[in-house]
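# What the coordinates show
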Amino acid sequence: MDKIIIEGGRPLNGKVAASGAKNAALPLMAATLIAPGLHTLHNVPDLRDTRTMLKVLETLGAAWTRTGTEVRIDTSRLTGAEAPYELVKTMRASVLVLGPLLARTGYARVSLPGGCAIGARPINFHLRGFEQLGVRTTLRQGYVEAAVDDSLRGSVVYFDSPSVTGTENLLMAAVTAEGKTVIKNAAREPEVGNLIDMLTAMGAEIQGRDTDRLTIHGVRRLHPAGTRIIPDRIEVGTYLIAVAAAGGEVTVTDCIPAHLPSLVEKLRGAGVGVVEHDTAITVTGIPSGKNKGPDLRSVDIRTMPYPGFPTDLQAQFMALMTIAEGVSVIHETIFENRFMHVAELQRMGGNIKIDGSTAIVKGKGRVGLSGAPVMATDLRASASLVIAGLAARGVTEISRIYHLERGYETMVDKLRGIGAAIRIVRE
Ligand code: EPZ
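Positions within a chain are numbered from 1, following the residues in the order the chain's sequence is written. The predicted origin of the model limits local features to residues at a pLDDT of at least 70 and limits the giving and counting of side-chain atom pairs to 80 or more, whereas totals for whole chains, interfaces and linings rest on all residues. Side-chain calculation: all heavy atoms of the structure are included, whereas hydrogens and water are not.

To continue, consider the side chain of Ser 111. The secondary structure listing takes helices from DSSP runs of H or I that are at least 4 residues long and strands from runs of E that are at least 2 residues long, numbered from the N terminus. Turning to its location among the elements, Ser 111 is positioned in strand β7 (residues 107-111). The buried label goes to any residue with under 20% of its type's maximum accessible area, the exposed label to any with over 50%, and the partly exposed label to all in between, with areas taken from a 1.4 Å probe on protein chains only. What makes Ser 111 buried here is its relative accessible area of 1%. The criterion used for residue contact is that any of the two residues' heavy atoms lie within 4.5 Å. Ser 111 has contacts with Ala 83, Pro 84, Tyr 85, Val 88, Val 95, Gly 142 and Tyr 143, leaving out every residue within four places of it along the chain.

Here's what the structure looks like:
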């Protein structure tokens, strides 16, 4: 089992560039299925999850090539409409091929994703939405079959909660549906906006970008288009929190500061220096003796849909709060089981109490954590353990790091590049 070894206590200094967003690359790759032809995507991160999505597209008959961060996908000929269990179980975002296949062929058979470490992760909102557009969905042997007799018909779709991939799936199904579709309580994440930009470039007619109400006027067909993937705001947020925890001064480049409004506010509230530039953010972990009070203050967070505090940064921020001064109350409102990192942080000395979907973190000050062997349980929990290892005294060993490699491009190299004593031991 590969491991990451970190020798903690070193400040981070220098520059690190953000990669393209995993959660934009996945829906945009799926969207290439809607229009036959050769699509070019720029700034595509090379991750375990993006490789899995390319395998799913291959299974459906698409061909692809990668040159650096440019990926060209040819969807001229589709030979199938089924996303198999063995791929979907490794990455639930494979369900994002449902909408495009319905738009292209009117039929799709996709394995139900099943749960994952952070929750049951149902797709009932997706399926209800498709039914509104005239799709018949049948659940059989762990697969969902979605079929429409003649063509998709525009309708009003309402989400009980603003599902990100639910909004993306319905957008991709509605672009060639007959008539008008309105999606109410739509997700407003920047990754949804990136998908809207791509679909518009392909000839779709969509209004309401960045709002919770999207209106789509169906068109007869779309054509291939080139699109650039936006920077990964969760990766950027992870590095900002890492510097806040380890100390030092780092500039994260190739990013969009406006995509992290809530995290920037919370870091400043905790006493961390944050300067926003056009396409970069500079963060200062331990102000060089500037302020008199504690250098890291406890702040409360509540995870919310965008532009609220991202659930994907909750685990990372909790690691930071274990070494602040004071008590931080962390509410996780999006997923029912997203505290898997707590037990591991406790093994490193974190003083955390869980009460339902709330965690109470008693900060122990900058020397609060000590290195230990810990185990990653899911993608963002792994990032939380890396941050804790960077701030802890002594050596931390993290096992099951394949979780991390799903969503962070060359994280160990990027952290070494700004001074971390971190390495991978391949076993
Ligand atoms: C997307 O997942 C992201 N993944 C997640 O990132 C992210 O945590 C999540 O949005 C919330 O921001 C991708 O974009 C590929 P949801 P998604 O549908 O779309 C419930 C990461 O670490 N729900 O917005 O699956 C659901 O259970 C990953 O990169 C239903 O009940 O999340 C959850 O409680 C983790 N029925 C809430 O809504 C549905 O049909 C929000 O889920 C759909 C969702």
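Having seen it, we continue.
Once that is clear, we can look at the packing of aromatic side chains. Geometry of aromatic contacts follows a simple scheme: Phe, Tyr and Trp rings, the Trp one being its six-membered ring, pair when their centres are within 6.5 Å, and the pair is stacked under 30 degrees between planes, edge-to-face over 60, tilted otherwise. Under the counting rule described, the total for this entry stands at two aromatic pairs. For the ring pair Phe 125 and Phe 159, a centre distance of 6.3 Å and an interplane angle of 50 degrees mean the geometry is tilted. On the criterion of sequence distance, the pair formed by Phe 125 in helix α5 (residues 124-132) and Phe 159 in the loop between β10 (156-158) and α6 (164-174) is long-range, its members being 34 residues apart. In this structure Phe 159 comes out as buried when scored by relative accessible area, which is 0%. Summarising the aromatic geometry, the rings of Phe 309 and Phe 317 are spaced 5.4 Å apart at their centres and angled 70 degrees between planes, so their arrangement reads as edge-to-face. Phe 317 carries the same exposure label as Phe 309, and that label is buried. Note on criteria: charge over ring means Lys NZ or Arg CZ within 6 Å of the ring centre, with the direction from the centre no more than 35 degrees off the ring normal. When the ring centre of Tyr 143 is taken as reference, the NZ or CZ atom of Arg 109 above it lies at 4.1 Å.

Moving on, we get to the site of the ligand. A single heavy atom is enough: if one lies within 4 Å of a molecule or strand, its residue is considered near that molecule or strand. With respect to spatial proximity, 23 residues lie near the ligand, and among them Asn 124, Ser 163, Thr 165, Asp 312 and Ile 334 are the closest. In protein, a polar contact requires one atom able to donate a hydrogen and another able to accept it; more generally it is a pair of N or O atoms within 3.5 Å, and residues adjacent in sequence count only if both atoms are side-chain atoms. Here Asn 23 contributes a side-chain N or O atom positioned 3.0 Å from an oxygen atom of the ligand. In the model, a nitrogen atom of the ligand is placed 2.6 Å from a nitrogen or oxygen of the Asn 124 side chain. Here the ligand loses 87% of its free accessible area of 820 Å² to cover by the protein chains. Mapped onto the shell around the ligand, the elements with two or more residues apiece are α1 (22-31), α5, α6 and α12 (379-391). Take the shell around the ligand: its biggest share by element is three residues, from α5. Charged means Asp, Glu, Lys or Arg here, nonpolar means Ala, Val, Leu, Ile, Met, Phe, Trp, Tyr, Cys or Pro, and polar covers whatever is left, Gly included. Residues belonging to the shell around the ligand are distributed by class as follows: ten nonpolar, seven polar and six charged. With residues, only the protein chains shown are counted as cover, and all accessible areas are computed by Shrake-Rupley using a 1.4 Å probe.

Position of Arg 48 among the secondary structure elements: in helix α2 (residues 48-59). Along the backbone, Arg 48 and His 341 are 293 residues apart, and their C-alpha atoms lie at a distance of 21 Å. Beyond its immediate sequence surroundings of up to four residues, Arg 48 is in contact with Tyr 402, Glu 405 and Arg 406. Here Tyr 402 takes part through its backbone oxygen, which lies 3.5 Å from a polar atom of the side chain of Arg 48.

Buried within helix α9 (residues 261-269) are the following residues: Ser 262, Leu 263, Val 264 and Leu 267. Those residues of α9 that are buried are in contact with α8 (233-246), β16 (273-276) and α10 (314-321).

Turning our attention to the pattern of salt bridges. In what follows, salt bridge is the name for a side-chain nitrogen of Lys or Arg lying within 4 Å of a carboxyl oxygen of Asp or Glu. All told, the structure shown has 20 salt bridges when counted by the stated rule. Linking Arg 128 and Glu 131 is a salt bridge whose minimum nitrogen-to-oxygen distance equals 3.1 Å. Here the residue Arg 128 and the residue Glu 131 both occupy positions in helix α5, the gap between them amounting to three residues, near one helical turn. Relative accessible area serves as the criterion here: at 44%, Arg 128 is assigned to the partly exposed category.

With that settled, the discussion passes to the domain arrangement of the protein chain. Each domain's extent was defined by an automatic or database domain assignment. For the protein chain, the domain assignment lists domain 1 (3-19 + 231-425) and domain 2 (22-228). Centre-to-centre, using C-alpha coordinates, domain 1 lies 31 Å away from domain 2. If you look at the interface, domain 1 gives 24 residues, while domain 2 gives 20 residues. Here the quantity called buried area is the total loss of accessible area, with a 1.4 Å probe, experienced by two parts when brought into contact, counted for both. Contact between domain 1 and domain 2 buries roughly 1,800 Å² in total, counting both sides, with carbon and sulfur atoms accounting for 52%. The largest contributions to the domain 1 side of the interface with domain 2 come from Tyr 306, Arg 406 and Glu 409, which together make up 32% of the buried area. The tally of links between domain 1 and domain 2 comes to three salt bridges. Taking the shortest distance from any N to any O, the salt bridge between Arg 406 and Asp 49 comes out at 2.8 Å. Where domain 1 meets domain 2, there are nine residue pairs in polar contact (both at pLDDT 80 or more). Breaking the side of domain 1 that touches domain 2 down by element, the ones donating at least two residues are α12 and α13 (402-405). Taken together, the residues of the side of domain 1 that touches domain 2 break down into nine nonpolar, five polar and ten charged.

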